[in-house]
Structure formats: structure tokens, C-alpha cells
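So the chains spell out like this:
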Amino acid sequence: MNRLINAMVACGSGIATSTVAAGNIQEIFDELGVRVQLTKCSISDIPANSDGMDIIFVTNNYRGEVPCPIINVTSFITGIKKDKTIEKIKETILNILKN
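Residues numbered from 1 in each chain as written. Predicted model: local features only at pLDDT ≥ 70, side-chain atom pairs only at ≥ 80, totals over all residues. Heavy atoms only, no water.

Participant: Would you mind going over the sheet that holds strand 3 (residues 55–58) in detail, with residue names and values included?
Facilitator: Sheets are built from strands that pair by backbone hydrogen bonding, the pairs being arranged parallel or antiparallel. One open sheet accounts for 4 strands, arranged 2-1-3-4; its pairing is parallel. Every interior strand has two partners, whereas the edge strands, strand 2 (35–42) and strand 4 (70–72), have only one. When the angles between neighbouring strand axes are averaged without regard to direction, this sheet yields 25°. Where strand 1 (residues 4–11) meets strand 2, 8 bridges bridge the pair, whose relative direction is parallel. From the neighbouring strand, cysteine 11 faces strand 2, where its bridge partner is serine 42. On top of the sheet, helix 4 (residues 82–98) reaches strand 1, strand 3 and strand 4; it is set at about 170° to strand 4, its chief contact. (Pairing = 2+ DSSP bridges. Helix = DSSP H or I, 4+ residues; strand = E, 2+ residues; numbered from the N terminus. Axes fitted to C-alpha atoms, helices over the stretch in contact; angles between N-to-C directions. Contact = heavy atoms within 4.5 Å.)

Participant: Explain the side chain of lysine 90 residue by residue, including any values.
Facilitator: Within the secondary structure, lysine 90 sits in helix 4. Note on lysine 90: relative accessible area 15%, which makes it buried. (Buried < 20%, exposed > 50% of the residue type's maximum accessible area, 1.4 Å probe, protein only.)

Participant: Mind laying out the nonpolar core, listing which residues take part and the relevant values?
Facilitator: Counting 19 residues, the largest nonpolar core has Ile25, Phe29, Phe57, Val73, Phe76 and Ile89 as its most contacted members. At the level of elements, strand 1, helix 1 (16–32), strand 3 and helix 4 are the ones that each hand at least two residues to this core. No other element matches the 5 residues that helix 1 contributes to this core. Residues within four places of phenylalanine 76 in sequence aside, it is in contact with Val20, Ala21, Asn24, Ile25, Ile28, Lys82, Thr85, Ile86 and Ile89. In terms of nonpolar packing, the next biggest core, distinct from the first, is built from 11 residues, Ala10, Met53, Val66 and Cys68 among them. (Core = buried A, V, L, I, M, F, W, Y, C linked by side-chain atoms within 4.5 Å.)

What follows is the structure, encoded as C-alpha cells:
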């Protein structure tokens, strides 16, 4: 799979939890053999930076409109239901690659 996926990882500050989540997300893309360009930002930066993104990951709730799938990855911070989050991410990535 040669297509590059543009992904955003957003948290409250754009620094702490997004960095932890980005590491987990990178591992999933690597496992699938899919190239990804990860951009970290704060939740408040999502509206200005969501154009051109294939998928957005957030570490807390975000209710705004975005032009791509958005997945909450709080489980990468808490460890709760992490396996379900990983499966959802894999499924979404494969759906993006089909289109």
C-alpha cells in the first residue's frame, strides 16, 4: 500500500497526550504497512487544520464538524478498551485505503 495517509492527533495542548497517542497510532500504521504523516495539534486547532486530513485522532471529546473520520483515542492514555480502539483504527484505515 503506497498511499500516504494524512492524520492529525489532537489533545488539549497539542503536546502531552497527543505525543503518547501518536506513538501508539504510528505503531498501528507500521503494523499495517501503511505510510502516514502524523501532525500533532491542540483540539482548538482542528477546524483550521482539518482540510486535507484523511483521519483525525483526539484524546478528548470533540464535537465539531470535520471532513474525515474522527476517532477518540483516550484509551491509549487510560489503557481502558485499548484493544477496541486499535481495531476501530485498523478498520477505518483500511476503509480509507479502499476509497
